[in-house]
Amino acid sequence: MEYEAVIGLEVHAQLKTRSKAFCGCMAEFGAPANSLTCPVCLGFPGSLPVLNEKALEYGLRAALALHCSVQSFSKFDRKNYFYPDLPKNYQISQYDLPLALGGFLEIEVSGAKKRIGIIRAHLEEDAGKLIHEEGHSLVDYNRAGVPLLEIVSAPEIYSPEQAYEYLASLKAILKYLEVCDCDMEKGSLRCDANVSLRKPGAKELGIKAELKNMNSFKAVRDALNYELKRQKEVLESGGSIRQETRLWDEVSGKTQAMRSKEEAMDYRYFPEPDLPPFVLSDEEIETIREGLPELPQALKQRFISQYELNSYDAGILTSEKALAEFFEACVGLYPRAKAICNWISGPLSYEFNSRNTRIESLKLKPEMLVRLIKLVEQGVLSNLAAKALLSEMLNSGRPADELIKEKDLTQVSDTKALDELLDKVIADNPGSVMDYNSGKANALMFLVGQAMRLSKGKANPKLVQEALRRRLNNA
Ligand SMILES: [Zn+2]
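Counting starts from 1 at the beginning of each chain's written sequence and moves along it residue by residue. pLDDT decides what is reported in this predicted model: residues at 70 or higher carry local features, side-chain atom pairs at 80 or more are listed and counted, and totals for whole chains, interfaces and linings draw on all residues regardless.

### Brief notes about the overall build of the chain
Thought 1: By definition, any uninterrupted DSSP run of H or I lasting at least four residues is a helix, any uninterrupted run of E lasting at least two residues is a strand, and each is numbered from the N terminus. Along its length, the chain carries 15 helices and 16 strands.
Thought 2: The size measure is the radius of gyration over C-alpha atoms, and the globule rule it meets is 2.2 Å times the number of residues to the 0.38 power. In terms of overall dimensions, the chain is more spread out than a globule: its C-alpha atoms have a radius of gyration of 29 Å, far above the 23 Å expected for 475 residues.
Thought 3: Taken over the C-alpha atoms alone, the chain extends approximately 90 × 55 × 50 Å along its principal axes.
Thought 4: By the convention adopted here, residues make contact when the C-beta atoms placed from their backbones lie within 7 Å. Across the chain, the fraction of contacts at a sequence separation of at least 24, relative to all contacts at a separation of at least 6, is 68%.

Listed below in structure tokens is the structure:
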């Protein structure tokens, strides 16, 4: 019996405002425990919340980028529950009149585009953090009151792969908008998943489990894969799925039941009396819409048509806003888009990945990369030497020409120097020369490699190959 998976995702994005949602405390990660608190976010009696205008603006930017219709009348509600990380014993959230409704997000899975509906996006405040140590627990309220945008997808995601792409696409948009850091490990992007199985063609949804505690996109995908397999086994053995919350355990690679939904609390929502409802005019909404940047999917399409790049290359370049901007700055200086793209997606990506950093933190200006590419194209540097030089440039922040002069890296292209090099390679490797002469074409590449090594990467590999072949064939 085959089943169809139905997945819905609830994402909490921490909005990166300087201060918290309803008070003036700084919203920073990693400050000493409880140093960023005040009577409002600690829930002292008589303190009054005031909405942070930036939090509203960031929420609106995200909602509009997700094609949601922003509601002209919206209000806050109290979601009541008792937990030590929640000093007021209620969370300020939005219930029946959220900020925005009915949008969508486009994803691409194996070349096919698919739209996934967004049911709603609403503003709320974060809770504090509990730190469990042996024999006792501690609480840090620095995070209490930090603004969140909750984004709820429709149950229109049909595989763990699609869920992964949904999150990747959402992250790219939020980062382009500069409204969220989207660092799942630091908790600035969190995701819960509702997952159920149903028989193909069935209209009704099956009974769902809610998955929590996934700290990376990969963890979301792994947890969904595990949970779908578990539910299938339960159904196939004649059992039934319990509606429950399950926690993903990264170490064991399993989900485990946390609490059943029958015991789930009733939140007794009611309107927040301390915050007036807010009314947004069409004009205000349009001003925000006009201020939206070019978003990753539109930018990718533009790169494909404007620079004649393929979808894969354009996808890499637009995966980060800073990368896309760096690419366009380079093309502005030197209109060889494909060559620049190859350098960015190849050697440069290798460098910032292996340094575990990002392009904006590197000491590389667009003109420096363009100059390096020109030096290779003019035959001054071999590709190999240029890659090594790029690494040096990133270490020192110095331009290529300065380093070339200092290190004497100019490519060896003159015939006399090459001849001397090849004399030595041929004399040192009689076995490979014999192999080549007896018809083993691979031996030539080995000899070219030896010549490159001997020249410390400075020989021009194309010339070496041509000269070697000529010499061996005439020998
Ligand atoms: Zn505060």
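There's more to say after this.
### A word on the nonpolar core
Thought 1: Here a nonpolar core is just a set of buried residues of the types Ala, Val, Leu, Ile, Met, Phe, Trp, Tyr and Cys, joined wherever their C-beta atoms sit within 7 Å. Note on burial: count the other C-beta atoms lying within 10 Å of the residue's C-beta; 20 or more is buried, 12 or fewer is exposed, in between is partly exposed, and C-beta positions come from the backbone. Counting 67 residues, the largest nonpolar core has Ala13, Ala62, Ala63, Ala121, Ala163, Tyr166 and Ala193 as its most contacted members.
Thought 2: With near-sequence residues (within four places) excluded, Ala193 lies in contact with Ile7, Leu9, Ala163, Leu211, Val220 and Leu224.
Thought 3: Core analysis: the second largest hydrophobic core is formed by 31 residues, Ile316, Leu369, Ala385 and Leu390 among them.

### Looking at the domain arrangement of the chain
Thought 1: An automatic or database domain assignment supplies the residue ranges for each domain. Examined at the domain level, the chain breaks down into domain 1 (4-288), domain 2 (296-407) and domain 3 (415-474).
Thought 2: Put simply, the middle of domain 1 and the middle of domain 3, counted by C-alpha atoms, are 62 Å apart.

### Here's the deal with the pairing of strand β6 (residues 100-109)
Thought 1: Note on pairing: DSSP must find at least two bridges between two strands before they are called paired. Pairing analysis gives two bridges linking strand β2 (residues 69-70) to β6, with the strands arranged antiparallel. When the bridges of β6 are listed, Val70 appears paired with Ala100.
Thought 2: As defined by bridge partners, β6 adjoins strand β7 (residues 112-125) across nine bridges and the pair is classed as antiparallel. Within β7, the position partnered with Glu108 by the bridge is Lys113.
Thought 3: The loop that links β6 with its antiparallel partner β7 comprises two residues; one of these, Ser110, has a positive phi angle of about 40 degrees.

### Concerning the packing of helix α7 (residues 321-333) against helix α9 (residues 366-377)
Thought 1: A fitted line through C-alpha atoms serves as each axis, taken over the contacting stretch for helices, and the angle formed by two N-to-C directions is quoted from 0 to 180°. Where α7 contacts α9, the axes come no closer than 9 Å and their chain directions differ by 55 degrees. Considering their axes alone, α7 and α9 lie oblique with respect to each other. The interaxial crossing formed by α7 with α9 has right-handed handedness. Contacts between α7 and α9 involve Phe326, Ala329, Cys330 and Leu333 on the former and, on the latter, Pro366, Glu367, Leu369 and Val370.
Thought 2: For this classification, Asp, Glu, Lys and Arg are treated as charged, while Ala, Val, Leu, Ile, Met, Phe, Trp, Tyr, Cys and Pro are nonpolar and the rest, including Gly, are polar. Within the contact of α7 with α9, the residues separate by chemical class into seven nonpolar, no polar and one charged. Comment on the angle field: the value is read as roughly parallel under 35 degrees, roughly antiparallel over 145, roughly perpendicular from 65 to 115, and oblique elsewhere. Left-handed is the label given to a crossing in which the near helix is rotated counterclockwise from the far helix by less than a right angle, and right-handed is the label when the rotation is clockwise.

### Focus on helix α5 (residues 296-307)
Thought 1: Taking 1.5 Å per residue, 12 residues should reach 16 Å; α5 reaches 16 Å between its end C-alpha atoms and fits that length.
Thought 2: Among all positions in α5, only Pro296, Leu299, Lys300 and Phe303 are buried. Buried residues along α5 cover an arc of 105 degrees about the axis, so they all sit on one side. Set apart from the buried face of α5 by more than 90 degrees, the exposed residues are Ala298, Ser305 and Gln306.
Thought 3: Contact partners of the buried residues in α5: α2 (160-177), α6 (311-317) and α7.
Thought 4: Positive phi appears at Glu308, one or two residues downstream of α5, with a value of about 55 degrees. Under the convention used throughout, the expected extent of a helix is 1.5 Å for every residue step, that is, one less than its residue count. Think of it as the arc spanned by the lines of direction from the helix axis to the C-beta atoms.

### Things to note about the pairing of strand β4 (residues 77-80)
Thought 1: Direction of pairing for β4 relative to strand β5 (residues 90-93): antiparallel, over a ladder of four bridges. Counterpart to Lys79 in the pairing with β5 is Gln91.
Thought 2: Bridge analysis of β4 against strand β15 (residues 270-271) gives two bridges, and the strand direction is antiparallel. The partner of Asp77 across the bridge, within β15, is Pro271.

### Topic: unusual backbone geometry
Thought 1: Residue Asn34 is not a glycine yet carries a positive backbone phi of 60 degrees.
Thought 2: Here Asn34 is to be found in the loop between β1 (4-14) and α1 (53-65).
Thought 3: At Ser110, a position not held by glycine, the phi torsion is positive, near 40 degrees.
Thought 4: Following the sequence through the fold, Ser110 ends up in the loop between β6 and β7.

### Observations regarding the sheet that holds β4
Thought 1: Ordered in space as β5-β4-β15, the three strands form an open sheet in which the pairing is antiparallel. The sheet terminates laterally at β5 and β15, the two strands that pair on one side only.

### Observations concerning the confidence of the model for the chain
Thought 1: Across the chain, each position has a pLDDT score giving the predictor's confidence in that residue, from 0 to 100. When pLDDT is averaged along the chain, the result is 91, and 97% of the positions lie at 70 or above.
Thought 2: Averaged pLDDT values over the elements of the chain bottom out at 82 in helix α11 (residues 400-407) and peak at 98 in strand β10 (residues 147-153).

### Regarding the environment of Thr37
Thought 1: Topologically, Thr37 is positioned in the loop between β1 and α1.
Thought 2: On a C-alpha basis, the gap between Thr37 and Glu377 in space is 58 Å, while along the polypeptide they are 340 residues apart.
Thought 3: Setting aside its immediate chain neighbours within four residues, Thr37 contacts Cys25, Leu42, Tyr141 and Asn142.

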